[in-house]
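# Per-entry structural report
This is what each chain is made of:
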Amino acid sequence: QVQFVESGGGLVQAGGSLRLSCVASGITFSLNDMGWYRQALGKQRELVAGISSSGGIINYVDSVRGRFTISRDNAKNTVYLQMNSLKPEDTAVYYCNVGRRLPAGYLWGQGTQVTVSS
């Protein structure tokens with residue numbers, strides 16, 4: 001059974017930072033591209049950042065490029081999202097899943113709420 005457990009969200013003021021973590025189980029993590037996705041209230045879920053299985057290829061949505069950094073530790077089955085210079089429009093529930101550009105179709109985890117106050 002594939003599971004994703006996200007953590008690290010919280011309430012932060014604009015300009016602040018957070019580091020999200022996602023532990024994956026039920027997959028051969030080191031063989032899978034991974035992605036961070038987010039869903040704001042009333043909006044569709046969107047890709048934020050993706051990373052290839054080896055970490056050698058990384059992509060970001062334009063709105064976060066230069067502020068967010070995705071990374072992974074294959075020994076810990078964990079993917080991270082370092083978020084700096086946060087803006088109120090980054091407020092959303094953040095999820096991880098298999099897939100660097102599109103989710104692979106596994107069930108979503110519970111996500112972690114990120115709230116950025118102005």
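Scroll up to find the structure this text is about.
## Structural notes on the state of the cysteines
- Going through the model one piece at a time under the given rule, you end up with one disulfide.
- In this model Cys-22 forms its disulfide with Cys-96; the gap between the sulfur atoms is 1.7 Å. Note that Cys-22 is positioned in strand S3 (residues 18–25) and Cys-96 in strand S9 (residues 92–98), a separation of 74 residues in sequence. Cys-96 matches Cys-22 in its accessibility class, with the two residues each being buried.

## So, the pairing of strand S4 (residues 34–39)
- With five of six residues buried, S4 lies mostly within the body of the structure.
- Here five bridges tie S4 to strand S5 (residues 46–51), and the two strands are oriented antiparallel to one another. Residue pairing for S5: Gly-35 is matched across the bridge by Gly-50.
- Note that S4 and S9 share six bridges and pair antiparallel.

## Digging into the pattern of salt bridges
- If you walk through the whole model with that rule in mind, you get five salt bridges.
- Asp-33 is paired through a salt bridge with Arg-100; the nearest N and O atoms lie 3.8 Å apart. Note that Asp-33 is positioned in the loop between S3 and S4 and Arg-100 in the loop between S9 and strand S10 (112–117), a separation of 67 residues in sequence.
- For Arg-100, a relative accessible area of 18% puts it in the buried group.
- Here Arg-67 and Asp-90 are joined by a salt bridge, their closest N and O atoms 2.8 Å apart. Residue Arg-67 is located in the loop between strand S6 (58–60) and strand S7 (68–73), and its partner Asp-90 is located in the loop between strand S8 (78–83) and S9; the two are separated by 23 residues in the primary sequence. Considered together, Arg-67 and Asp-90 belong to a single accessibility category, that of buried residues.
- One network of salt bridges, with partners in common, ties together Arg-38, Glu-46, Arg-67 and Asp-90.

Parameters at a glance
- Throughout this document, residue positions are counted from 1 along each chain, in the order its sequence is written.
- Only residues with pLDDT of at least 70 get local features here, since the model is predicted, and only at 80 or more are side-chain atom pairs given and counted; chain-wide, interface and lining totals rely on the full set of residues.
- Note: side-chain values were computed over all heavy atoms of the structure, leaving out hydrogens and water.
- A pair of cysteine sulfur atoms is labelled a disulfide when the two atoms are within 2.5 Å.
- Secondary structure follows DSSP: runs of H or I at least 4 residues long count as helices, runs of E at least 2 residues long count as strands, and numbering of each begins at the N terminus.
- Burial classes follow relative accessibility: with a 1.4 Å probe on protein chains only, a residue under 20% of its type's maximum area counts as buried, one over 50% as exposed, and anything between as partly exposed.
- At least two bridges found by DSSP between two strands are what make those strands a pair.
- Put simply, a salt bridge is a Lys or Arg side-chain nitrogen that is within 4 Å of an Asp or Glu carboxyl oxygen.

Honestly, it's all geometry; don't read function into it.
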